[in-house]
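Results of the structural survey
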Amino acid sequence: FTSFGVVWYRVGKMVVSPSTKMFLKTAANVLNRRAFSTSRVTCAQQMTVRDALNQALDEEMERDETVFVMGEEVAQYDGAYKVSRGLWKKYGDKRVIDTPITEIGFAGICVGAAFAGLKPVCEFMTFNFSMQAIDHIINSAAKTYYMSAGRIKVPIVFRGPNGAAAGVAAQHSQCFGAWFAHCPGLKVISPYNSEDCKGLLKAAIRDPDPVVFLENEILYGNQYPMSDEALSKDFVLPIGKAKIERAGNHITLVAHSKAVELALEASNELAGQGIECEVINLRSLRPLDTPTIEQSVVKTNHLVTVEQGWPTCGIGSEICARIMESEAFYHLDAPIVRVTGMDVPMPYTKTLEGYALPRAEDIVVAVKKVLGAAPK
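Residues numbered from 1 in each chain as written. Predicted model: local features only at pLDDT ≥ 70, side-chain atom pairs only at ≥ 80, totals over all residues. Heavy atoms only, no water.

By the naming in an unreviewed UniProt entry, the chain goes by Pyruvate dehydrogenase E1 component subunit beta and is assigned to Frankliniella cephalica. Per UniProt, the comment on the chain under Catalytic activity (unreviewed entry) is "N(6)-[(R)-lipoyl]-L-lysyl-[protein] + pyruvate + H(+) = N(6)-[(R)-S(8)-acetyldihydrolipoyl]-L-lysyl-[protein] + CO2". Looking at the Function (unreviewed entry) heading of the UniProt record, one finds this comment for the chain: "The pyruvate dehydrogenase complex catalyzes the overall conversion of pyruvate to acetyl-CoA and CO2." (UniProt positions renumbered as here; feature names shortened; annotations may be inferred.)

Below is the structure:
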(Lines give C-alpha, C1' and ligand atoms only; values in the text may rest on other atoms or scores of the structure.)
Protein backbone atom coordinates (compact mmCIF):
# COMPACT_ATOMS: atom_id res chain seq x y z
CA PHE A 1 0.00 0.00 0.00
CA THR A 2 0.93 3.65 -0.38
CA SER A 3 1.33 6.14 2.45
CA PHE A 4 2.73 9.69 2.13
CA GLY A 5 3.91 8.87 -1.39
CA VAL A 6 5.98 5.82 -0.26
CA VAL A 7 5.15 2.26 -1.33
CA TRP A 8 5.19 -0.04 1.71
CA TYR A 9 5.37 -3.84 1.66
CA ARG A 10 3.87 -6.49 3.91
CA VAL A 11 6.41 -9.16 4.95
CA GLY A 12 4.62 -11.74 7.05
CA LYS A 13 2.91 -9.73 9.78
CA MET A 14 5.30 -6.80 9.40
CA VAL A 15 4.88 -3.73 7.22
CA VAL A 16 8.27 -2.52 5.97
CA SER A 17 9.71 0.17 3.74
CA PRO A 18 11.45 -0.57 0.41
CA SER A 19 14.91 -0.14 1.98
CA THR A 20 14.04 -2.56 4.80
CA LYS A 21 12.66 -5.05 2.31
CA MET A 22 15.94 -4.93 0.36
CA PHE A 23 17.91 -5.46 3.58
CA LEU A 24 15.80 -8.49 4.56
CA LYS A 25 16.18 -9.99 1.10
CA THR A 26 19.97 -9.58 1.24
CA ALA A 27 20.06 -11.09 4.73
CA ALA A 28 18.01 -14.08 3.58
CA ASN A 29 20.42 -14.70 0.74
CA VAL A 30 23.35 -14.64 3.16
CA LEU A 31 21.62 -17.01 5.58
CA ASN A 32 20.91 -19.45 2.79
CA ARG A 33 24.59 -19.76 2.03
CA ARG A 34 26.64 -22.56 3.61
CA ALA A 35 28.53 -20.20 5.93
CA PHE A 36 28.91 -16.53 6.70
CA SER A 37 32.67 -16.42 6.12
CA THR A 38 34.42 -17.05 2.85
CA SER A 39 37.44 -18.58 4.60
CA ARG A 40 38.27 -22.19 3.73
CA VAL A 41 37.86 -23.48 7.28
CA THR A 42 34.56 -21.78 8.02
CA CYS A 43 33.04 -22.62 4.66
CA ALA A 44 33.95 -26.28 4.98
CA GLN A 45 31.06 -28.56 5.88
CA GLN A 46 31.20 -29.93 9.41
CA MET A 47 30.98 -33.71 9.77
CA THR A 48 31.37 -36.05 12.71
CA VAL A 49 34.04 -38.74 12.71
CA ARG A 50 31.25 -41.33 12.88
CA ASP A 51 29.57 -39.98 9.73
CA ALA A 52 32.89 -39.73 7.88
CA LEU A 53 33.58 -43.42 8.55
CA ASN A 54 30.04 -44.33 7.53
CA GLN A 55 30.39 -42.37 4.31
CA ALA A 56 33.67 -44.08 3.50
CA LEU A 57 32.16 -47.54 4.01
CA ASP A 58 29.08 -46.68 1.95
CA GLU A 59 31.09 -45.27 -0.95
CA GLU A 60 33.48 -48.22 -1.07
CA MET A 61 30.68 -50.79 -0.86
CA GLU A 62 28.88 -49.00 -3.67
CA ARG A 63 32.09 -48.85 -5.73
CA ASP A 64 33.18 -52.47 -5.24
CA GLU A 65 30.73 -55.33 -4.70
CA THR A 66 33.47 -57.51 -3.17
CA VAL A 67 33.59 -55.24 -0.09
CA PHE A 68 31.52 -56.46 2.85
CA VAL A 69 31.25 -55.70 6.58
CA MET A 70 31.21 -58.31 9.33
CA GLY A 71 31.06 -57.96 13.10
CA GLU A 72 28.88 -57.86 16.18
CA GLU A 73 25.67 -55.81 15.79
CA VAL A 74 26.81 -54.19 12.53
CA ALA A 75 23.58 -54.98 10.63
CA GLN A 76 20.06 -54.41 12.04
CA TYR A 77 21.40 -52.52 15.06
CA ASP A 78 23.50 -50.23 12.79
CA GLY A 79 26.68 -50.92 14.75
CA ALA A 80 27.51 -50.46 18.43
CA TYR A 81 28.70 -46.91 17.65
CA LYS A 82 26.43 -46.41 14.60
CA VAL A 83 29.37 -46.38 12.19
CA SER A 84 27.59 -48.91 9.93
CA ARG A 85 24.26 -47.06 10.16
CA GLY A 86 22.01 -47.69 7.15
CA LEU A 87 24.36 -50.10 5.39
CA TRP A 88 22.33 -53.25 6.11
CA LYS A 89 19.15 -51.66 4.76
CA LYS A 90 21.01 -50.63 1.60
CA TYR A 91 23.17 -53.69 0.93
CA GLY A 92 21.41 -56.55 2.69
CA ASP A 93 22.41 -59.65 4.64
CA LYS A 94 25.10 -60.86 2.26
CA ARG A 95 27.24 -57.73 2.59
CA VAL A 96 26.51 -56.54 6.13
CA ILE A 97 26.75 -59.58 8.39
CA ASP A 98 25.99 -59.83 12.09
CA THR A 99 28.02 -62.33 14.09
CA PRO A 100 27.89 -64.00 17.48
CA ILE A 101 30.28 -62.79 20.18
CA THR A 102 33.25 -64.75 18.86
CA GLU A 103 36.09 -62.56 17.59
CA ILE A 104 38.37 -65.46 16.76
CA GLY A 105 35.56 -66.99 14.70
CA PHE A 106 34.48 -64.06 12.55
CA ALA A 107 38.03 -62.71 12.20
CA GLY A 108 39.04 -66.12 10.82
CA ILE A 109 36.10 -66.08 8.40
CA CYS A 110 37.09 -62.61 7.21
CA VAL A 111 40.71 -63.64 6.64
CA GLY A 112 39.58 -66.68 4.67
CA ALA A 113 37.29 -64.48 2.57
CA ALA A 114 40.24 -62.19 1.83
CA PHE A 115 42.28 -65.21 0.71
CA ALA A 116 39.43 -66.00 -1.70
CA GLY A 117 39.49 -62.51 -3.26
CA LEU A 118 36.83 -60.65 -1.28
CA LYS A 119 37.52 -57.43 0.66
CA PRO A 120 36.19 -57.83 4.19
CA VAL A 121 35.93 -55.04 6.73
CA CYS A 122 36.12 -56.81 10.08
CA GLU A 123 34.72 -54.67 12.90
CA PHE A 124 35.74 -55.23 16.50
CA MET A 125 33.34 -53.62 18.97
CA THR A 126 36.55 -52.48 20.64
CA PHE A 127 40.14 -53.37 19.83
CA ASN A 128 40.49 -54.73 23.34
CA PHE A 129 38.49 -57.68 22.02
CA SER A 130 40.91 -58.12 19.12
CA MET A 131 43.15 -60.02 21.53
CA GLN A 132 40.71 -62.89 21.08
CA ALA A 133 41.51 -62.81 17.35
CA ILE A 134 45.17 -61.80 17.38
CA ASP A 135 46.32 -65.17 16.04
CA HIS A 136 44.33 -64.60 12.85
CA ILE A 137 45.44 -60.97 12.56
CA ILE A 138 49.15 -61.76 12.93
CA ASN A 139 49.70 -65.38 11.93
CA SER A 140 47.03 -65.63 9.24
CA ALA A 141 46.60 -62.14 7.76
CA ALA A 142 49.94 -60.41 8.29
CA LYS A 143 52.25 -63.26 7.30
CA THR A 144 50.45 -65.03 4.46
CA TYR A 145 51.52 -62.76 1.58
CA TYR A 146 55.18 -63.22 2.57
CA MET A 147 54.90 -66.94 3.30
CA SER A 148 53.09 -67.56 0.01
CA ALA A 149 55.89 -65.82 -1.92
CA GLY A 150 53.44 -63.11 -2.99
CA ARG A 151 50.85 -65.45 -4.44
CA ILE A 152 48.11 -64.83 -1.86
CA LYS A 153 47.02 -61.27 -1.22
CA VAL A 154 45.10 -60.43 1.94
CA PRO A 155 42.95 -57.32 1.30
CA ILE A 156 41.31 -57.03 4.72
CA VAL A 157 40.63 -54.16 7.13
CA PHE A 158 40.35 -54.73 10.88
CA ARG A 159 38.64 -51.64 12.34
CA GLY A 160 37.01 -50.40 15.51
CA PRO A 161 37.58 -48.12 18.53
CA ASN A 162 41.03 -48.22 20.12
CA GLY A 163 42.59 -46.76 23.26
CA ALA A 164 41.00 -45.27 26.34
CA ALA A 165 37.29 -44.56 26.35
CA ALA A 166 35.69 -43.26 29.57
CA GLY A 167 34.86 -45.17 32.73
CA VAL A 168 35.37 -48.63 31.25
CA ALA A 169 38.39 -49.67 33.35
CA ALA A 170 41.55 -51.53 32.43
CA GLN A 171 40.07 -54.27 30.24
CA HIS A 172 38.67 -51.75 27.75
CA SER A 173 41.18 -48.90 27.76
CA GLN A 174 44.33 -50.01 25.98
CA CYS A 175 45.97 -48.50 22.92
CA PHE A 176 47.08 -51.21 20.51
CA GLY A 177 48.99 -48.91 18.16
CA ALA A 178 52.43 -50.09 19.28
CA TRP A 179 51.30 -53.73 19.42
CA PHE A 180 50.23 -53.95 15.79
CA ALA A 181 52.86 -51.51 14.47
CA HIS A 182 55.47 -53.98 15.79
CA CYS A 183 54.35 -56.65 13.31
CA PRO A 184 55.67 -56.84 9.73
CA GLY A 185 53.00 -57.52 7.14
CA LEU A 186 50.46 -55.13 8.66
CA LYS A 187 49.70 -51.53 7.84
CA VAL A 188 48.50 -49.62 10.91
CA ILE A 189 46.44 -46.43 10.72
CA SER A 190 45.52 -44.17 13.65
CA PRO A 191 43.44 -41.25 12.30
CA TYR A 192 42.49 -38.06 14.12
CA ASN A 193 39.73 -36.03 12.44
CA SER A 194 36.92 -36.62 9.95
CA GLU A 195 39.02 -36.11 6.81
CA ASP A 196 41.61 -38.54 8.15
CA CYS A 197 38.96 -41.15 8.84
CA LYS A 198 37.22 -40.94 5.49
CA GLY A 199 40.30 -40.70 3.26
CA LEU A 200 42.32 -43.31 5.10
CA LEU A 201 39.49 -45.85 5.53
CA LYS A 202 38.85 -45.72 1.79
CA ALA A 203 42.58 -46.20 1.18
CA ALA A 204 42.66 -49.11 3.63
CA ILE A 205 39.75 -50.89 1.92
CA ARG A 206 41.41 -50.52 -1.48
CA ASP A 207 44.83 -51.68 -0.23
CA PRO A 208 45.89 -55.24 -1.13
CA ASP A 209 47.55 -55.72 2.27
CA PRO A 210 45.94 -56.28 5.68
CA VAL A 211 45.29 -52.99 7.47
CA VAL A 212 44.59 -52.37 11.15
CA PHE A 213 42.44 -49.23 11.42
CA LEU A 214 42.46 -47.81 14.96
CA GLU A 215 39.64 -45.37 15.62
CA ASN A 216 38.92 -43.47 18.85
CA GLU A 217 35.61 -43.88 20.64
CA ILE A 218 35.76 -40.45 22.29
CA LEU A 219 36.15 -38.76 18.89
CA TYR A 220 33.20 -40.48 17.15
CA GLY A 221 30.78 -37.65 17.93
CA ASN A 222 33.24 -34.80 17.35
CA GLN A 223 32.66 -32.57 14.33
CA TYR A 224 35.52 -31.43 12.10
CA PRO A 225 35.55 -29.45 8.84
CA MET A 226 35.39 -31.42 5.59
CA SER A 227 36.66 -29.70 2.47
CA ASP A 228 34.84 -30.04 -0.85
CA GLU A 229 37.63 -32.37 -1.92
CA ALA A 230 37.08 -34.61 1.11
CA LEU A 231 33.34 -34.81 0.38
CA SER A 232 34.07 -36.26 -3.05
CA LYS A 233 33.74 -40.01 -3.64
CA ASP A 234 37.22 -39.94 -5.14
CA PHE A 235 38.86 -38.64 -1.94
CA VAL A 236 41.60 -41.01 -0.77
CA LEU A 237 44.54 -40.18 1.49
CA PRO A 238 47.90 -41.92 1.11
CA ILE A 239 48.79 -44.46 3.78
CA GLY A 240 52.11 -43.65 5.42
CA LYS A 241 52.01 -39.87 5.00
CA ALA A 242 51.78 -37.61 8.07
CA LYS A 243 50.11 -34.19 8.09
CA ILE A 244 51.42 -30.97 9.62
CA GLU A 245 48.35 -29.70 11.48
CA ARG A 246 50.04 -26.54 12.69
CA ALA A 247 53.28 -24.95 11.51
CA GLY A 248 55.80 -23.64 14.04
CA ASN A 249 59.48 -22.84 14.49
CA HIS A 250 60.34 -23.50 18.13
CA ILE A 251 59.50 -27.16 18.82
CA THR A 252 57.94 -30.19 17.10
CA LEU A 253 55.04 -32.09 18.67
CA VAL A 254 54.32 -35.50 17.14
CA ALA A 255 51.06 -37.26 18.00
CA HIS A 256 48.37 -39.59 16.69
CA SER A 257 44.64 -40.07 17.22
CA LYS A 258 43.17 -38.10 20.16
CA ALA A 259 46.65 -37.05 21.28
CA VAL A 260 46.70 -34.71 18.25
CA GLU A 261 43.84 -32.79 19.85
CA LEU A 262 45.83 -32.50 23.09
CA ALA A 263 48.91 -31.31 21.17
CA LEU A 264 46.86 -28.64 19.40
CA GLU A 265 45.35 -27.46 22.69
CA ALA A 266 48.81 -27.21 24.25
CA SER A 267 50.20 -25.41 21.20
CA ASN A 268 47.42 -22.81 21.42
CA GLU A 269 48.28 -22.13 25.06
CA LEU A 270 52.01 -21.98 24.33
CA ALA A 271 51.46 -19.61 21.40
CA GLY A 272 50.12 -17.09 23.91
CA GLN A 273 53.48 -17.33 25.65
CA GLY A 274 55.49 -16.80 22.48
CA ILE A 275 56.27 -20.47 21.81
CA GLU A 276 55.26 -21.68 18.35
CA CYS A 277 54.83 -25.46 18.11
CA GLU A 278 54.78 -27.48 14.92
CA VAL A 279 52.15 -30.19 15.39
CA ILE A 280 52.46 -33.35 13.30
CA ASN A 281 49.48 -35.70 12.96
CA LEU A 282 51.07 -39.07 12.21
CA ARG A 283 47.90 -40.62 10.73
CA SER A 284 49.84 -43.81 9.99
CA LEU A 285 51.89 -45.80 12.53
CA ARG A 286 53.16 -48.39 10.07
CA PRO A 287 54.56 -47.26 7.74
CA LEU A 288 55.75 -44.33 9.84
CA ASP A 289 56.44 -41.06 8.02
CA THR A 290 59.93 -40.57 9.43
CA PRO A 291 61.04 -38.01 6.78
CA THR A 292 58.32 -35.52 7.79
CA ILE A 293 59.36 -35.79 11.45
CA GLU A 294 63.04 -35.43 10.56
CA GLN A 295 62.43 -32.35 8.40
CA SER A 296 60.47 -30.71 11.21
CA VAL A 297 63.16 -31.50 13.79
CA VAL A 298 65.83 -30.00 11.52
CA LYS A 299 63.72 -26.82 11.46
CA THR A 300 62.75 -26.58 15.14
CA ASN A 301 65.70 -28.37 16.81
CA HIS A 302 63.39 -29.75 19.53
CA LEU A 303 60.98 -32.68 19.76
CA VAL A 304 58.22 -33.91 22.09
CA THR A 305 56.15 -37.02 21.30
CA VAL A 306 52.59 -37.40 22.57
CA GLU A 307 50.49 -40.57 22.83
CA GLN A 308 47.78 -42.03 25.05
CA GLY A 309 49.41 -45.46 25.13
CA TRP A 310 51.89 -46.82 27.65
CA PRO A 311 55.48 -45.53 27.60
CA THR A 312 57.39 -48.82 27.40
CA CYS A 313 58.07 -49.79 23.77
CA GLY A 314 55.54 -47.20 22.59
CA ILE A 315 55.24 -45.18 19.39
CA GLY A 316 57.17 -42.35 21.04
CA SER A 317 60.00 -44.75 21.82
CA GLU A 318 60.19 -45.78 18.16
CA ILE A 319 60.26 -42.14 17.03
CA CYS A 320 63.06 -41.38 19.50
CA ALA A 321 65.10 -44.29 18.15
CA ARG A 322 64.61 -43.26 14.53
CA ILE A 323 65.66 -39.68 15.23
CA MET A 324 68.70 -40.92 17.15
CA GLU A 325 69.70 -43.03 14.14
CA SER A 326 69.18 -40.26 11.60
CA GLU A 327 70.96 -37.09 10.55
CA ALA A 328 68.26 -35.15 12.40
CA PHE A 329 69.86 -36.16 15.70
CA TYR A 330 72.67 -33.67 15.11
CA HIS A 331 70.12 -30.86 14.86
CA LEU A 332 68.62 -31.46 18.32
CA ASP A 333 69.41 -28.79 20.90
CA ALA A 334 67.93 -30.82 23.78
CA PRO A 335 66.93 -34.43 24.53
CA ILE A 336 63.57 -35.67 23.23
CA VAL A 337 60.79 -35.93 25.82
CA ARG A 338 57.87 -38.37 25.63
CA VAL A 339 54.40 -37.55 26.96
CA THR A 340 52.42 -40.78 27.40
CA GLY A 341 49.79 -42.50 29.46
CA MET A 342 50.87 -43.72 32.88
CA ASP A 343 52.57 -47.11 33.00
CA VAL A 344 49.66 -48.71 34.88
CA PRO A 345 46.43 -50.53 34.00
CA MET A 346 43.70 -47.94 33.51
CA PRO A 347 41.93 -47.07 36.81
CA TYR A 348 38.14 -47.21 36.84
CA THR A 349 37.77 -44.20 39.15
CA LYS A 350 37.09 -41.11 37.06
CA THR A 351 39.57 -38.84 38.85
CA LEU A 352 42.38 -41.39 38.63
CA GLU A 353 41.54 -42.09 35.00
CA GLY A 354 42.18 -38.43 34.23
CA TYR A 355 45.62 -38.61 35.81
CA ALA A 356 46.48 -41.84 33.99
CA LEU A 357 46.08 -40.17 30.59
CA PRO A 358 48.19 -37.32 29.18
CA ARG A 359 46.67 -33.84 29.40
CA ALA A 360 47.37 -30.64 27.53
CA GLU A 361 49.05 -29.20 30.61
CA ASP A 362 51.46 -32.16 30.65
CA ILE A 363 52.51 -31.25 27.11
CA VAL A 364 52.99 -27.61 28.10
CA VAL A 365 55.31 -28.68 30.95
CA ALA A 366 57.22 -31.03 28.64
CA VAL A 367 57.72 -28.31 26.01
CA LYS A 368 59.00 -25.83 28.59
CA LYS A 369 61.34 -28.51 29.95
CA VAL A 370 62.79 -29.17 26.51
CA LEU A 371 63.16 -25.47 25.76
CA GLY A 372 64.72 -24.85 29.17
CA ALA A 373 61.77 -22.79 30.38
CA ALA A 374 60.41 -25.22 32.98
CA PRO A 375 59.72 -23.75 36.41
CA LYS A 376 62.41 -24.49 38.98
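The structure having been displayed, the exposition proceeds.
**Some remarks on the overall build of the chain**
Across its full length, the chain holds 14 helices and 18 strands. Considering the chain as a whole, with its 376 residues, one finds that 50% of them fall into the buried category. The contacts of the chain with a sequence gap of at least 6 include a subset with a gap of at least 24, amounting to 78%. Element-wise, carbon and sulfur atoms account for 57% of the exposed surface of the chain, whose accessible area totals about 17,900 Å². (Helix = DSSP H or I, 4+ residues; strand = E, 2+ residues; numbered from the N terminus. Buried < 20%, exposed > 50% of the residue type's maximum accessible area, 1.4 Å probe, protein only. Contact = heavy atoms within 4.5 Å. Areas by Shrake-Rupley, 256 points an atom, 1.4 Å probe, with all protein chains shown as cover.)

**With respect to the confidence of the model for the chain**
Per-residue confidence for the chain averages 90 on the pLDDT scale, and 88% of its residues sit at or above 70. Taken together, the stretch residues 28-41 has pLDDT below 50 and engages in 11 contacts with residues farther than four places along the chain or on a different chain. (pLDDT = per-residue confidence, 0-100.)

**Observations regarding the pairing of strand β6 (residues 67-71)**
By the criterion of burial, β6 is predominantly enclosed, with 5 of the 5 residues buried. Covered by surrounding structure in β6 are Val67, Val69 and Gly71 together with Phe68 and Met70, the residues of both alternating faces. In terms of strand pairing, β6 meets strand β7 (residues 96-98) through 3 bridges, oriented parallel. Bridge pairing in β7 places Met70 opposite Ile97. (Pairing = 2+ DSSP bridges.)

**Re the pattern of salt bridges**
Going through the model one piece at a time under the given rule, you end up with 23 salt bridges. For the salt bridge of Glu123 with Arg159, the shortest nitrogen-to-oxygen distance reads 2.6 Å. Taken together, the residues Glu123 in strand β8 (residues 119-123) and Arg159 in strand β9 (residues 157-161) connect sequence positions 36 residues apart. Like Arg159, Glu123 is buried. When the shortest N-O distance is used, the salt bridge between Glu278 and Lys299 registers 2.5 Å. (Salt bridge = Lys/Arg side-chain N within 4 Å of Asp/Glu carboxyl O.)

**Notes on the pairing of strand β15 (residues 277-281)**
For β15, a buried count of 5 out of 5 residues is recorded, marking the element as mostly surrounded by other parts of the structure. In β15, alternate side chains face the same way, and those of Cys277, Val279 and Asn281 on one face and Glu278 and Ile280 on the other are all buried. Bridge count for strand β13 (residues 243-246) against β15 is 3 bridges, and the pairing is antiparallel. Following the sheet pairing, Arg246 is matched in β15 by Val279. One ladder, built from 5 bridges, connects strand β14 (residues 251-255) with β15; its direction is parallel. Directly across from Val254, in β15, lies its bridge partner Ile280.

**Observations concerning the sheet that holds β15**
Backbone-to-backbone hydrogen bonds pair the strands of a sheet. The strands run either parallel or antiparallel. If you trace the 5 strands from one edge of the open sheet to the other, you get β13-β15-β14-β17-β18, paired in mixed fashion. Of all the strands in the sheet, just β13 and β18 (337-339) have a single pairing partner and so form its edges. Adjacent strand axes in the sheet meet at a mean angle of 25° when their direction is disregarded. With 3 bridges joining them, strand β17 (residues 303-306) and β18 adopt parallel strand pairing. Counterpart to Val304 in the pairing with β18 is Val337. Running at roughly 180° to β18, helix α14 (residues 360-370) makes contact with β14, β17 and β18 of the sheet. (Axes fitted to C-alpha atoms, helices over the stretch in contact; angles between N-to-C directions.)

**Re the sheet that holds β7**
The 7 strands lie next to each other as β7-β6-β8-β9-β11-β10-β16, forming an open sheet whose pairing is mixed. Strands with a single pairing partner mark the edges of an open sheet, and in this sheet they are β7 and β16 (284-286). Pairwise comparison of adjacent strand axes, ignoring direction, gives a mean angle of 20° for this sheet. Both strand β10 (residues 187-189) and β16 contribute to a ladder of 2 bridges, which runs antiparallel. Among the inter-strand pairings, Ile189 is bridged to a residue of β16, identified as Ser284. Contacts from helix α5 (residues 103-115) reach β6, β8 and β9, with the element oriented near 165° to β8.

**A short note on unusual backbone geometry**
Going from Arg286 to Pro287, the amide bond is cis rather than trans, its omega being 0°. The topology assignment puts Pro287 in the loop between β16 and α11 (290-300). Not every positive phi belongs to a glycine, and Cys313 is a case in point at roughly 60°. By the secondary structure assignment, Cys313 is in the loop between β17 and α12 (315-324).

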